[in-house]
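In case you want the letters, here they are:
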Amino acid sequence: RGLVTVRLTDGMIGHVTIEGGAHLPVERIVRGLRLHSGAPLNGRELQEELDWLQRNSFYAATLAASPGATAEVADIAFTLSNERPVSFLLAYDNQGVAPLGGSRYRAAVQWGHAFGLDQQLALQAMTAQDPEAYRAVAGEWLVPLPWRHEIKLTAAWAATQATDHSQSQSVD
């Protein structure tokens, strides 16, 4: 006769590291992590950390767990990869309404790591073929806060001057 002993223990987090992220404030990101060595290993909390790391569309994160110092410990490694944190867009469409002219031209820029602080800025300008008929500007500034809330400031401005072709007069 043999004796089989089964021992169940809660897993614990060992070392937590972040690698990669050439254009990212890794030290700021590390300070924002809620995982710490010695905490219980919880799949939902690991997923929440991964989701938080991927909140900025300019970078992606992966998570890997490896055996730690003892059987119940897992070391957690996040790997960040990122694109250049600036994107530009030039676009044309013909979906405008007749009184303002059918053509629309857009230019936009998005800065995904503004001021080196993990903030995001976006600016878009749009015009009709005749800028007097339609022109607009919109912007957004997203500031992540240390306790994982965000401040988002959004502003937009537009000016139109439509022409009523049936009566050949300007409508403001």
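In case you missed it, the structure is sitting above this.
1. So, helix α2 (residues 43-53)
Of all the residues in α2, the buried ones are Leu 46, Glu 49, Leu 50, Trp 52 and Leu 53. What you see down the axis of α2 is that its buried residues fit within an arc of 160°, all on one side. When the buried face of α2 is taken as reference, the exposed residues oriented beyond 90 degrees from it are Gly 43 and Arg 44. On its buried side, α2 packs onto α1 (26-32), β2 (59-67) and β3 (73-82). Its side-chain oxygen placed 2.9 Å from the backbone nitrogen of Arg 44, Asn 42 serves as the N-cap of α2.

2. Description of the pattern of salt bridges
Taken as a whole and assessed by the stated rule, the structure comprises five salt bridges. Here Glu 48 ties to Arg 44 by a salt bridge, and the two come within 3.7 Å at their closest N and O atoms. Of the two residues, Glu 48 and Arg 44 are both situated in helix α2; the distance of four residues between them amounts to about one turn of the helix. Its relative accessible area of 41% is what places Glu 48 among the partly exposed residues. Overall, the relative accessible area of 55% leaves Arg 44 in the exposed class.

3. Let's talk about unusual backbone geometry
In terms of backbone geometry, most residues other than glycine have negative phi values and most peptide bonds are trans. With phi around 65°, Asp 118 is a residue other than glycine that occupies positive phi space. Here Asp 118 shows up in the loop between β5 (104-114) and β6 (119-128). Of note, the phi angle at Arg 148 is positive, near 75°, even though the residue is not glycine. Tracing the sequence through the fold places Arg 148 in the loop between β7 (134-144) and β8 (150-160).

4. Points about the sheet that holds β3
The strands that make up a sheet are held in pairs by hydrogen bonds between backbone atoms, and each pair lies either parallel or antiparallel. Strands sit in the order β1-β3-β2 across an open sheet of three strands; the sheet is mixed. Since the sheet does not close on itself, it has two edges, and those belong to β1 (12-20) and β2, each with one partner. Direction aside, neighbouring strands of the sheet carry axes that sit 20° apart on average. Strands β2 and β3 of the sheet are contacted by α2, whose axis makes an angle of about 150° with β2.

What counts as what
Residues numbered from 1 in each chain as written. Predicted model: local features only at pLDDT ≥ 70, side-chain atom pairs only at ≥ 80, totals over all residues. Heavy atoms only, no water. Buried < 20%, exposed > 50% of the residue type's maximum accessible area, 1.4 Å probe, protein only. Helix = DSSP H or I, 4+ residues; strand = E, 2+ residues; numbered from the N terminus. Arc of directions from axis to C-beta. Contact = heavy atoms within 4.5 Å. Polar contact = N/O pair within 3.5 Å; in protein donor to acceptor, adjacent residues only side chain to side chain. Salt bridge = Lys/Arg side-chain N within 4 Å of Asp/Glu carboxyl O. Pairing = 2+ DSSP bridges. Axes fitted to C-alpha atoms, helices over the stretch in contact; angles between N-to-C directions.

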